[in-house]
Amino acid sequence: MRREPDVEAADLVAVDATDRLLLDEAAAAIAVAGPGEVVVVDDSYGALTLGVVVAGARDVRVCQDLLVGELALARNAERTGLTGSHRSLPLTPELFAGARLVLAKAPRSLDALREIAELAATAAPDVTVLVGGRVKHMTLAMNDVLRASFTDVSATLARQKSRVLVARGPRAGVQPSFPRRQVHPDLGLTVCAHGAAFAGTRVDVGTRALLATLDRMAPDAATALDLGCGTGVLATALALARPAVRVTAGDQSAAAVASARATAEANGVAGRVRVTRDDAAAGVADASTDLVVCNPPFHVGAAVVTGAADRLFAAAGRVLRPGGELWTVYNNQLPHRAALRRLVGPTRVAAADRRFTVTVSTRR
């Protein structure tokens, strides 16, 4: 098992203690499951999916939020001769229809867990849901979220600092509550969000800082890209403010892509915002875009990091036409200006306050 194409963690292991604990706890249920009765959610790199296949499950249905995980699963399946043993599906009721066993890696967000639980409750009446995670990341609130959709929730003993929550007995009448919607009158926007989408239906401070500079961005632009679009706020705002601009929004998170589509539709611009799921604009042609807007991630858990942002800046430099502009926002403590100059071109500060800086970089 390998993590490829996760270039940020290619030298780390692709199987962890949580994967192993989940597979051990599920072994008896896998042995009696029929074809199509096992579902895997948010498998990191394929260890869970291929593990249940090796244990005897057939026609396994899989949903992975991050595209890099989906690609890693496909490569690991090919490497181990297990191509065709699973089907990748979006996080919808179809994924869970008739399922009797669901294995999920615990998401960090309670809303992401809530969406999984609500949908899993529509599976077979005797479905068992196993949610595994590192003990340090699991809270009692996760039990409460599962109890809103299931009558019986318990926890296994911890092993190697991992634990599994077990949910059984789907509650009658549970209805999916995502995507959620919130109207922001001050911005003239309605934001829609699935459970795993960053910031949910809120509009974070960094995005607000970029929105405040919208009227100054590349005035002659005919094409624009919202890179790492999240819920699609920037792409939708661009489409509303500049109807002549062809806007693309891209993100590797399936939840973000579904949220961005819903946000564009809620604001009446679905026909003018093309939303794609890709990693760092891999599907966008070189030198094809006049304007890129980007609010890059700068945290992995509690750690402040720059690698993810640098990949997006490099992608922007690749897809921008000469003279095209990248407008980005970042926390003042981060040393992004040097990377922006190196990866895109001359960079100047367009706006700043005590927390955030907005810069514009011009492609050489």
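See above for the structure.
All chains use their own residue numbering, which begins from 1 and follows the written sequence. In keeping with the model being predicted, local features are shown solely for residues with a pLDDT of at least 70 and side-chain atom pairs are shown and tallied solely at 80 or more, while totals for entire chains, interfaces and linings include all residues. By convention in this description, side-chain values take in all heavy atoms of the structure and omit both hydrogens and water.

Caption draft 1: Molecular detail of the overall build of the protein. Counting from the N terminus, the helices are the DSSP runs of H or I reaching at least four residues and the strands are the DSSP runs of E reaching at least two. Scanning the protein from terminus to terminus reveals 11 helices and 18 strands. Relative to the compact-globule value of 21 Å for 364 residues, the protein shows a C-alpha radius of gyration of 21 Å, a close match. For the C-alpha atoms alone, the extent of the protein along its principal axes is close to 60 × 45 × 35 Å. Pairs of residues are marked as contacts when any of their non-hydrogen atoms sit within 4.5 Å. Residue pairs in contact within the protein that sit at least 24 positions apart in sequence constitute 69% of those at least 6 positions apart. What the globule rule says is 2.2 Å times the number of residues to the power 0.38, and the radius of gyration is computed from C-alpha atoms.

Caption draft 2: Summary view of the packing of aromatic side chains. In this scheme Phe, Tyr and Trp rings, the latter by its six-membered ring, pair at centre separations within 6.5 Å, and the angle between planes marks the pair as stacked below 30 degrees, edge-to-face above 60, and tilted otherwise. Across all of its chains, the model carries 0 aromatic pairs by this definition. Distance and angle both matter: a charge sits over a ring if NZ of Lys or CZ of Arg is within 6 Å of the ring centre and within 35 degrees of the ring normal. One Lys or Arg, R180, reaches over the ring of F178 and ends 4.3 Å from the middle of that ring.

Caption draft 3: Structural detail: unusual backbone geometry. A cis amide bond, omega 10°, links E4 with the succeeding residue P5. Backbone torsion omega between F178 and P179 reads 0°, so that peptide bond is classified as cis. Inspection of the secondary structure assignment puts P179 in the loop between strand 7 (162-170) and strand 8 (180-184). For D59, which is not glycine, the phi dihedral falls at a positive 50°. As for its position among the elements, D59 is in the loop between helix 2 (47-54) and strand 2 (60-63). Within the chain, A281 stands out as a residue other than glycine whose phi angle is a positive 60°. Along the chain, A281 turns up in the loop between strand 12 (273-277) and strand 13 (289-294).

Caption draft 4: Highlighting the nonpolar core. V273, L291 and W327 are the most contacted members of the largest nonpolar core, which totals 34 residues. The element contributing the most residues to this core is helix 8 (residues 233-241), with 6 residues. Throughout this description, the term nonpolar core refers to a set of buried Ala, Val, Leu, Ile, Met, Phe, Trp, Tyr and Cys residues connected via side-chain atoms within 4.5 Å. The buried label goes to any residue with under 20% of its type's maximum accessible area, the exposed label to any with over 50%, and the partly exposed label to all in between, with areas taken from a 1.4 Å probe on protein chains only. Formed by 28 residues, the second largest nonpolar core is a distinct cluster that contains V41, F96, L119 and M138.

Caption draft 5: Up close: the pattern of salt bridges. Salt bridges are counted wherever a side-chain nitrogen of Lys or Arg sits within 4 Å of a carboxyl oxygen of Asp or Glu. Summed over all chains, the structure comprises 15 salt bridges. A salt bridge links D111 to R180, with the nearest nitrogen and oxygen atoms 3.9 Å apart. Of this pair, D111 sits in helix 5 (residues 110-120) while R180 is found in strand 8, placing the two residues 69 residues apart along the sequence. Classification of D111 by relative accessible area gives partly exposed; the value is 30%.

Caption draft 6: Region of the structure containing the sheet that holds strand 4 (residues 101-105). In short, DSSP must find at least two bridges between two strands for them to pair. Pairing within the open sheet is mixed, and its 7 strands lie in the order 3-2-1-4-5-7-6. Looking at the sheet topology across the chains shown, the edges are occupied by strand 3 (86-88) and strand 6 (150-155). Between one strand and the next, the sheet's axes are offset by a mean angle of 20°, whatever the strand orientation. Bridge count between strand 2 and strand 3: 3 bridges; the pairing is parallel. Note on strand 3: the bridge partner recorded for V60 is H86. Sheet contacts for helix 6 (residues 140-147): strand 5 (128-134), strand 6 and strand 7; angle to strand 6, the most-contacted strand, approximately 155°. To obtain each axis, a line is fitted to C-alpha atoms, and for helices this fit is confined to the stretch in contact; angles are then taken between N-to-C directions over 0 to 180 degrees.

Caption draft 7: Structural context of the side chain of T207. Mapped onto the secondary structure, T207 falls in helix 7 (residues 205-211). Beyond its immediate sequence surroundings of up to four residues, T207 is in contact with V233, L234 and N295.

Caption draft 8: The arrangement of the side chain of N143 in detail. Residue placement: N143 occurs in helix 6. Beyond its immediate sequence surroundings of up to four residues, N143 is in contact with V153 and L165.

Caption draft 9: A look at the packing of helix 1 (residues 17-32) against helix 2. Between helix 1 and helix 2, whose axes approach to 10 Å, the crossing angle comes to 30°. In this structure, helix 1 meets helix 2 at a crossing whose hand is right-handed. Packed against helix 1, whose contacting residues are D19, L22, L23 and I30, the element helix 2 presents A47, L48, G51 and V52 at the interface. When its residues are assigned to classes, the contact of helix 1 with helix 2 shows 6 nonpolar, 1 polar and 1 charged. Note on convention: the crossing is left-handed when the near helix lies turned anticlockwise from the far helix by less than a right angle, right-handed when the turn is clockwise. Note that Gly is not counted as nonpolar here; it falls among the polar residues with everything else outside the nonpolar set of Ala, Val, Leu, Ile, Met, Phe, Trp, Tyr, Cys and Pro and the charged set of Asp, Glu, Lys and Arg.

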